[in-house]
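Residue-level listing of the chains:
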Amino acid sequence: MTRLEQASGLDRISDPLQRALQAVVKPRTLRDALHGVPTGHAVHPALASFTLGSLTSAAILDLIRGQEVPATTLVGVGMTAAPLTALAGATDWSELDKEQRRVGLVHLAANVVALGLYGGSLLARLNGDHSRGRMLGFAGFGLLNASAYLGGHLAYVQGAQVNQAATELHRISDGWHPVADVSALPHGMPVSRSIGEVPVLVYRNGDSVSVLLERCGHETGPLGEGHVVDIDGDACVECPWHGSTFRLRDGLVMHGPAGSDQPVLRTRIVNDVVEANLP
């Protein structure tokens, strides 16, 4: 896996494919939907579970005599769900760094080949050749699971499309921590502060003060260097790296590629000092 992450030769395919995907999936509303912004959760894993679950069920039924019709139906269901699953995954992939995209490219290629095998399997089944359909289905199933291993590596080892800011919460001890003097905070402009070694973003709006983790949950971009933008009358901060946008008063994700909210700390004001605690 380390050699795959460092296989820079894949960039000759990855880089132009990334640009092409970003050009094709350009409407922001569509990109946000595929990233999972409306639900506050990445949609690709859920879609992948449905697709893989359907094809896994078909493989199990293929081991049982007399289950040709339901097995064929499940292969068809999996094939129907695959394009949307792939589109959501590809949209997430287009916002990753080079090492992640190298692994993701092989993940994508393996899925394409696996679905090609399943397409042949479905065609054979519909033509009554269930023996050939099972053979092609098992081949596709094996390749699909190898691809799933790569997907797991992307998520759990490389941290692709997970909320990377959430781990920063574990570095903050329980209890109230002084963050800033209220009188020193500018109105309507977030400022960077820290709790121990954890950077936070402090935003004052009138008498209300909110404290967010400063590192973007998408790829740990510095939100303190981002622009403040207005969305539907709410002040939001836009990450300077990939454009993920969060509402400053509560961390709600407004635009992707981040699919989940930015972690926000509890706050209180004691003797003109803003104090923050874990959520």
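Preceding this paragraph is the structure being described.
Residues numbered from 1 in each chain as written. Predicted model: local features only at pLDDT ≥ 70, side-chain atom pairs only at ≥ 80, totals over all residues. Heavy atoms only, no water.

Trainee: Give me the lowdown on the overall build of the protein, citing residues and values where you can.
Mentor: Per the secondary structure count, the protein includes seven helices and 10 strands. Taken over 279 residues, the protein has a buried fraction of 46%. The long-range fraction of contacts in the protein, counting pairs at least 24 apart against all pairs at least 6 apart in sequence, stands at 58%. Only carbon and sulfur atoms are counted for the fraction: they give 59% of the accessible area of the protein, which is about 13600 Å². One finds the centroid of the 21 positive side-chain charges in the protein at a distance of 8 Å from the centroid of its 27 negative side-chain charges. (Helix = DSSP H or I, 4+ residues; strand = E, 2+ residues; numbered from the N terminus. Buried < 20%, exposed > 50% of the residue type's maximum accessible area, 1.4 Å probe, protein only. Contact = heavy atoms within 4.5 Å. Areas by Shrake-Rupley, 256 points an atom, 1.4 Å probe, with all protein chains shown as cover. Lys, Arg positive; Asp, Glu negative; His and termini not counted. Charge placed at Lys NZ, Arg CZ, Asp CG, Glu CD.)

Trainee: So, the packing of helix α4 (residues 44-62) against helix α7 (residues 130-157): which residues are in play, and what are the values?
Mentor: Following both chains from N to C, one finds α4 and α7 inclined at 140°, their axes separated by 10 Å at the closest point. Between α4 and α7, the angle is such that the two are oblique. For the crossing formed where α4 meets α7, the hand is left-handed. Counted together, L52, L55, T56, A59 and D62 of α4 and R134, F138, F141, L144 and A148 of α7 form the full contact between these two elements. (Axes fitted to C-alpha atoms, helices over the stretch in contact; angles between N-to-C directions. Parallel < 35°, antiparallel > 145°, perpendicular 65-115°, else oblique. Left-handed = near helix turned anticlockwise from the far one by under 90°.)

Trainee: Talk me through the sheet that holds strand β10 (residues 273-277); I want residue IDs and the actual numbers.
Mentor: The antiparallel open sheet is built from six strands, whose spatial order is β1-β10-β9-β4-β3-β2. Across the chains shown, the open sheet's two edge strands, defined by having one partner strand only, are β1 (177-181) and β2 (191-195). Each neighbouring strand pair of the sheet contributes to a mean axis angle of 35°, computed without reference to strand direction. Two elements, strand β4 (residues 208-213) and strand β9 (residues 264-270), share two bridges in a ladder whose sense is antiparallel. By the bridge assignment for β9, V211 is matched with L265. (Pairing = 2+ DSSP bridges.)

Trainee: How would you summarise the sheet that holds strand β8 (residues 253-255) if you had to cite specific residues and measurements?
Mentor: With respect to topology, four strands assemble into an open sheet ordered β5-β6-β7-β8, the strand pairing being antiparallel. The sheet is open, and its two borders are formed by β5 (227-231) and β8, each paired with just one other strand. Looking at each pair of strands side by side, their axes are set apart by 40° on average, direction ignored. Alignment of strand β7 (residues 245-247) against β8, held across two bridges, turns out to be antiparallel. When the bridges of β8 are listed, F246 appears paired with V253.

Trainee: Please provide a residue-by-residue account of α7, values included.
Mentor: The α-helix advances 3.6 residues per turn, and as a result positions three or four apart in sequence lie on the same side. Helix length check: α7, at 28 residues, gives a terminal C-alpha distance of 39 Å against a target of 40 Å (1.5 Å per residue), a fit within 8%. Next to the buried residues of α7 lie α1 (2-5), α4 and α6 (98-126). Positive phi appears at G159, one or two residues downstream of α7, with a value of about 70°. (Expected span 1.5 Å × (residues − 1).)

Trainee: Help me get a handle on unusual backbone geometry, residues and values and all.
Mentor: Peptide bonds are, in most cases, trans, and in most cases residues other than glycine have a negative phi. Of note, the bond from G256 into P257 is cis; its omega dihedral lies within 30 degrees of zero at 20°. Relative to the helices and strands, P257 is located in the loop between β8 and β9. We note that T220 has phi near 60°; this positive angle belongs to a residue other than glycine. Here T220 lies in the loop between β4 and β5. One non-glycine residue, D232, lies in positive phi territory at about 55°. As for its placement among the helices and strands, D232 is situated in the loop between β5 and β6 (234-238). The exposure class of D232 is exposed, given its relative accessible area of 74%.

Trainee: How would you summarise helix α3 (residues 28-35) if you had to cite specific residues and measurements?
Mentor: All buried positions along α3 are accounted for by R31, D32, L34 and H35. Relative to the axis of α3, the buried residues are bounded by an arc of 165° and lie together on one face. Buried residues along α3 sit in contact with α2 (11-24), α5 (68-93) and β8. Within two residues after α3, G36 carries a phi angle of roughly 100°, on the positive side. (Arc of directions from axis to C-beta.)

Trainee: I'd like a rundown of the side chain of S121, residues and numbers included.
Mentor: Its place among the elements puts S121 in helix α6. Look past the residues within four positions of S121 in its chain and what remains in contact with it is G133, L136 and G137.

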